[in-house]
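Here is how the chains run, residue by residue.
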Amino acid sequence: MNQVQAVAEQAIDAPVDQVRAAVADYAGVRGKILTSHYRDYEVRSGGTGAGSVVHWTLQATQKRVRDVLVEVSEPQPDVLVEADKNSTLISTWTVQGSGSSSVVRLVTTWEGANGIGGFFERIFAPAGLRRIHGELLANLKREIEA
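What comes next is a walk through the structure. (Residues numbered from 1 in each chain as written. Predicted model: local features only at pLDDT ≥ 70, side-chain atom pairs only at ≥ 80, totals over all residues. Heavy atoms only, no water.)

### Some words on the overall build of the protein
Filter applied, for reference: Secondary structure elements follow DSSP: runs of H or I no shorter than four residues count as helices, runs of E no shorter than two count as strands, and numbering proceeds from the N terminus. When a residue's accessible area, from a 1.4 Å probe over protein chains only, is under 20% of the maximum for its type it is buried; when over 50% it is exposed; and in between it is partly exposed. Contacts between residues were defined by any pair of non-hydrogen atoms, one from each residue, lying within 4.5 Å.
In terms of regular secondary structure, the protein is built from three helices and seven strands. The order of helices and strands in the protein, counted from the N terminus, is β-α-α-β-β-β-β-β-β-α. For the protein, the residues scored as buried account for 42% of the 146 residues in total. For the protein, contacts bridging at least 24 residues in sequence account for 48% of all contacts bridging at least 6.

Given below as structure tokens:
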């Protein structure tokens, strides 16, 4: 298997409970923080945390477009997992901290291609997705700290 992984983190000056609530708010906050790489964002059921089903199109590059339909679970109070029903893509959001500061960590994994295409995917895709997630987390920080 050729697992590919992209990791991004963001410190936010806000209590953990506030940040966790914002991360789990698919019906409100999530739509506000999306970057230009996301389109067709739609909450199909739920809207807050576990049990939500959310759809979007991710335009990672000019040629790389992914149709994403996630089902959200919450295996622990500080962790939200978005499992794509259309692929092996899994994004795990973790919010930890103490007092009035938090750290959001976003880890996305998927099974990459084999062969030479897979080699280049493992080299370049994590950096591109890390950049997109960095922008997303910076938008989350601005939204919460505003």
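### Overview of the pairing of strand S5 (residues 79-84)
Applied cut-off: Criterion used throughout: strands pair if DSSP finds at least two bridges between them.
The element S5 is largely enclosed, with a buried count of five among its six residues. The pairing of strand S4 (residues 65-76) with S5 spans five bridges and is classified as antiparallel. If you follow Gln76 over to S5, its bridge partner there is Val79. Joining the antiparallel neighbours S4 and S5 is a turn of two residues. As paired strands, S5 and strand S6 (residues 90-98) are joined by five bridges and run antiparallel to one another. Looking across to S6, one finds that Val79 is bridged to Thr94. Between S5 and S6, which pair antiparallel and follow one another directly, the connecting turn spans five residues.

### Considering the packing of aromatic side chains
The cut-off we apply is this: The criterion for an aromatic pair is that two Phe, Tyr or Trp rings (for Trp, the six-membered ring) have centres within 6.5 Å, with stacked assigned to planes under 30 degrees apart, edge-to-face to planes over 60 apart and tilted to the rest. Cation placement over rings: the criterion is NZ of Lys or CZ of Arg within 6 Å of the ring centroid and within 35° of the ring normal.
Taken as a whole, this structure holds two aromatic pairs when the rule is applied. Considering the side-chain rings of Tyr41 and Trp56, the 6.3 Å spacing of their centres and the 20° angle between planes classify their relative orientation as stacked. Placement of Tyr41 in strand S2 (residues 38-45) and of Trp56 in strand S3 (residues 53-59) is noted, with a sequence separation of 15 residues between them. With a relative accessible area of 24%, Tyr41 lands in the partly exposed category. One cation-aromatic arrangement involves Arg30 over Trp93; the distance from NZ or CZ to the ring centre is 4.0 Å.

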